[in-house]
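# Close look at the chain arrangement
Okay, here's what each chain looks like letter by letter:
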Amino acid sequence: NAGVTQTPKFRILKIGQSMTLQCTQDMNHNYMYWYRQDPGMGLKLIYYSVGAGITDKGEVPNGYNVSRSTTEDFPLRLELAAPSQTSVYFCASRWLMNTGELFFGEGSRLTVL
Amino acid sequence: DQQVKQNSPSLSVQEGRISILNCDYTNSMFDYFLWYKKYPAEGPTFLISISSIKDKNEDGRFTVFLNKSAKHLSLHIVPSQPGDSAVYFCAASATEPGYSTLTFGKGTMLLVSP
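Every residue gets a number counted from 1 within its own chain, in the order that chain's sequence is written. A letter from A marks each chain and a number from 1 marks each ligand, given out in the order of writing. Owing to the predicted nature of the model, reporting of local features is limited to residues with pLDDT of at least 70; listing and counting of side-chain atom pairs is limited to 80 or more, with chain, interface and lining totals taken over all residues. Hydrogens are left out, water is left out, and the side-chain values use all remaining heavy atoms of the structure.

## Digging into the state of the cysteines
The disulfide definition used here is simple: a pair of cysteine sulfur atoms within 2.5 Å. In total, this model carries two disulfides over all chains according to the counting rule given. The residue that forms a disulfide with A:Cys23 is A:Cys91, at a sulfur-sulfur distance of 1.9 Å. Between A:Cys23 and A:Cys91 the sulfur-sulfur dihedral comes to about -70°; the bridge is accordingly left-handed. Taken together, the positions of A:Cys23 in strand S3 (residues 19–25) and A:Cys91 in strand S9 (residues 87–94) put the pair 68 residues apart, joining distant regions of the chain. Between the sulfur atoms of B:Cys23 and its disulfide mate B:Cys90 the distance is 2.0 Å. For the disulfide bridge between B:Cys23 and B:Cys90, the dihedral angle about the S-S bond is near -75°, and by the sign convention the bridge is left-handed. Taken together, the residues span a long stretch of sequence, with B:Cys23 in strand S3 (residues 19–25) and B:Cys90 in strand S9 (residues 86–93) at a distance of 67 residues. Think of it this way: any DSSP run of H or I at least four residues long counts as a helix, any run of E at least two long counts as a strand, and we number them from the N terminus.

## With respect to the interface of chain A and chain B
Across the contact, 21 residues belong to chain A and 23 residues belong to chain B. Using a 1.4 Å probe, buried area is obtained as the accessible area two parts lose upon being combined, added over both of them. Summing both sides of the interface, chain A and chain B together bury roughly 1700 Å²; the carbon and sulfur share of this comes to 62%. Basic side-chain nitrogens of Lys or Arg form a salt bridge, by our definition, when they fall within 4 Å of a carboxyl oxygen of Asp or Glu. Remark: the boundary between chain A and chain B carries zero salt bridges. In protein, a polar contact requires one atom able to donate a hydrogen and another able to accept it; more generally it is a pair of N or O atoms within 3.5 Å, and residues adjacent in sequence count only if both atoms are side-chain atoms. The interface formed by chain A and chain B includes two residue pairs in polar contact (both at pLDDT 80 or more). Where the side of chain A that touches chain B is concerned, the elements lending two or more residues are strand S4 (31–37), strand S5 (43–51) and S9 of chain A. If you tally residues by element for the side of chain A that touches chain B, the top one is S5(A), at four residues. We call Asp, Glu, Lys and Arg charged. Ala, Val, Leu, Ile, Met, Phe, Trp, Tyr, Cys and Pro are nonpolar, and the rest, Gly among them, are polar. Per-class residue counts for the side of chain A that touches chain B are 11 nonpolar, seven polar and three charged. The contact rule is simple, with two residues in contact once any of their heavy atoms fall within 4.5 Å.

## Re the packing of aromatic side chains
For this analysis, a ring pair means two rings from Phe, Tyr or Trp (six-membered ring only for Trp) whose centres lie within 6.5 Å, classed as stacked if their planes differ by under 30 degrees, edge-to-face if by over 60, and tilted for the remaining angles. What the rule picks out here adds up to 13 aromatic pairs over all chains. Measuring from ring centre to ring centre gives 6.2 Å for A:Tyr33 and A:Tyr48, while their planes differ by 20°; the resulting arrangement is stacked. A residue pair is termed long-range when its members are at least 10 positions apart, and A:Tyr33 in strand S4 and A:Tyr48 in strand S5 qualify at 15 residues. In this structure, A:Tyr33 and A:Tyr48 share a single accessibility class: buried. Aromatic rings pair up to connect A:Tyr33, A:Tyr35, A:Tyr48, A:Phe90, A:Phe104, B:Tyr36, B:Phe46, B:Phe89 and B:Phe104 into one cluster. Charge-over-ring contacts are defined here by two conditions on Lys NZ or Arg CZ: a distance within 6 Å of the ring centre and an angle within 35 degrees of the ring normal. The cationic tip of A:Arg68 hangs over the ring face of A:Phe74; the distance from NZ or CZ to the ring centre is 5.9 Å. A simple rule labels every residue: compare its accessible area, found with a 1.4 Å probe on the protein chains alone, to the largest value its type can have, and call it buried under 20%, exposed over 50%, or partly exposed in between.

## Some remarks on the sheet that holds strand S8 (residues 72–77) of chain B
Residue and element names in this part refer to chain B. Read from one edge of the open sheet, five strands run S1-S3-S8-S7-S6, paired in antiparallel fashion. The sheet terminates laterally at strand S1 (4–5) and strand S6 (56–59), the two strands that pair on one side only. What makes two strands pair is DSSP finding at least two bridges between them. As paired strands, strand S7 (residues 62–67) and S8 are joined by six bridges and run antiparallel to one another. When the sheet's bridge partners are listed, Asn67 is paired in S8 with His72.

## Details of the environment of A:Arg77
All names here are of chain A. Within the fold, Arg77 resides in strand S8 (residues 76–78). Apart from residues lying up to four places away in sequence, Arg77 is in contact with Ser18, Met19, Thr20, Gly63, Tyr64 and Asn65. A polar contact of 3.0 Å, which involves the side chain of Arg77, links it to the side chain of Thr20.

Given below as structure tokens:
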């Protein structure tokens, strides 16, 4: 049982490039989330999804896009990368909407130069 | 506006002693709270949770206390072990419809020395 899988684990981008962070979960969770963690700043919610075809903005959505075509996958797209997007990105999922634990992936460390 | 606050960025404790990590929240809609532990280069892992209908929840060496009137919760680790050295995040959510996310604090780095 893999849980939540994120790829890639590390990536260096140049300013203005685009990329997609992949996230897959095999627990049949409806609720999926993307967080970013900056040093000393905790986890900030970028986007979330309550089911296939339904997404919504979190606290810091600017510069990102998401899609949710299947229950399992929730990719995060960075368009026109900027140095401010240098961060560690975590994908998470859970079974229940507002109780129950979030299961996190191992994270994707992105550096924009 | 930080809705979940962990005011201590770090805490150092000796092995065998008690570790107490604190968390305050401002949103009175929050009624479900979780603690996560995070090691470097890994994702956060769930530790323990508490619902607002309780004021204490215990799981082995870990106990979470909730004081609703003070909007304060704390995580007690007894006895502390060197393997407990990690960053601990407090998180909160509301069970009201429309609240489908967790709000995290900034974390407290715990260092347990032998």
